[in-house]
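Letter by letter, the chains look like this.
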Amino acid sequence: MSRDILTDQQWEKLLLLLALQKPRTGRPNNDHHQVINGILWILRTDASWRDLAQEFGSWKTVSSRFYRWQKADIWEKIWEYLQPICGYSFRRSSK
């Protein structure tokens, strides 16, 4: 297994913090697991969105989800959730 891919155990912990994969109305979201792995790949490789490996889906989908979750503070919620598990302490400066 590649080290930039989430394990099933890691994934289960994050799943609770993400929006529903199949919203009540509209089109269902692409697989969150695949999208997060794509985001991790981008962060790890420092590649541009357009260079995203095809195994992670459309670069447009992955980048759009990244920025949408950033706007909705999903990444901050994930970080706050992971801090005690990882033993980190972090306080965000005011916006």
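Structure first, text after, so check above.
Presented here is an overview of the structure given in this document. The shown structure was predicted, so the numbers you read here are calculated from the model rather than taken from an experiment. (Residues numbered from 1 in each chain as written. Predicted model: local features only at pLDDT ≥ 70, side-chain atom pairs only at ≥ 80, totals over all residues. Heavy atoms only, no water.)

**Here's the deal with helix H2 (residues 32-45)**
Think of an α-helix as 3.6 residues a turn; residues three or four steps apart then line up on the same face. The line we're drawing: Only DSSP runs of H or I reaching four residues or more are called helices, and only runs of E reaching two or more are called strands; each is numbered from the N terminus. One less than the number of residues in a helix, times 1.5 Å, gives the span that helix is expected to have. Categorising residues by exposure relies on relative accessible area from a 1.4 Å probe, with only protein chains included: less than 20% of the type maximum marks a residue as buried, more than 50% marks it as exposed, and the intermediate range marks it as partly exposed.
In this model, H2 (14 residues) spans 20 Å end to end at C-alpha, consistent with the 20 Å of a helix rising 1.5 Å per residue. Restricting attention to buried positions, one finds in H2 the residues His32, His33, Val35, Ile36, Asn37, Gly38, Ile39, Trp41 and Ile42. Taken from the residues just after H2, Asp46 is the one with a positive phi, measuring 60 degrees.

**Some points on the nonpolar core**
Just so we agree on the cut-off: Grouping buried Ala, Val, Leu, Ile, Met, Phe, Trp, Tyr and Cys residues that are joined through side-chain atoms within 4.5 Å yields what is termed a nonpolar core. Here, residues are in contact when the closest pair of their heavy atoms is within 4.5 Å.
The biggest cluster of nonpolar side chains holds ten residues, and these are Val35, Ile39, Trp41, Ile42, Trp49, Leu52, Ala53, Phe56, Val62 and Phe66. For this core, the secondary-structure elements that each account for two or more residues are H2 and helix H3 (59-71). By residue number, the principal contributor to this core is H2, which donates four residues. If we ignore the near neighbours within four places in the chain, the residues touching Val62 are Val35, Gly38, Ile39, Trp49, Leu52 and Phe56. Grouped together as the second largest cluster of nonpolar side chains are seven residues, Trp11, Leu14, Ile36 and Ile78 included.

**As for the packing of H2 against H3**
Rules: Between the N-to-C directions of two axes lies an angle of 0 to 180 degrees, each axis being a line fitted to C-alpha atoms and, for a helix, fitted only over the stretch in contact. Any angle that is under 35 degrees is reported as roughly parallel, and any over 145 degrees as roughly antiparallel; angles of 65 to 115 degrees are reported as roughly perpendicular and all others as oblique. Each residue is assigned to one of three groups, with Ala, Val, Leu, Ile, Met, Phe, Trp, Tyr, Cys and Pro labelled nonpolar, Asp, Glu, Lys and Arg labelled charged, and all others, Gly among them, labelled polar.
At their nearest, the axes of H2 and H3 sit 9 Å apart, and the two run at 90 degrees to each other. In terms of their interaxial angle, H2 and H3 are classed as roughly perpendicular. Seen from H2, the contacting residues are His32, Val35, Ile36, Gly38 and Ile39; seen from H3, they are Thr61, Val62, Arg65, Phe66 and Trp69. For the contact of H2 with H3, the residue count by class is six nonpolar, three polar and one charged.

**Structural notes on the packing of helix H1 (residues 8-15) against H2**
In the contact formed by H1 and H2, the axes pass within 11 Å of each other and the chain directions differ by 105 degrees. Taken as axis vectors, H1 and H2 run roughly perpendicular relative to one another. Between H1 and H2, the contacting residues are Asp8, Trp11 and Leu14 on the first element and His32, His33 and Ile36 on the second. Its residues assigned to classes, the contact of H1 with H2 comprises three nonpolar, two polar and one charged.

**Here's the deal with the environment of Trp69**
The residue Trp69 is located in helix H3 in this model. Residues Trp69 and Leu18, 51 residues apart in the sequence, show an inter-C-alpha distance of 8.8 Å. Those residues within four positions of Trp69 in sequence are excluded, and the remaining contacts are Leu18, His32, Ile36, Ile74 and Trp75.

**Description of unusual backbone geometry**
Trans is the prevailing form of peptide bonds, just as negative phi is the prevailing case for residues other than glycine. Its identity as a non-glycine residue notwithstanding, Asp46 has a phi of 60 degrees, on the positive side. Looking at where Asp46 falls in the secondary structure, it is placed in the loop between H2 and H3. Judged by its relative accessible area of 69%, Asp46 falls in the exposed class. For Asp73, which is not glycine, the phi torsion reads 60 degrees and is therefore positive.

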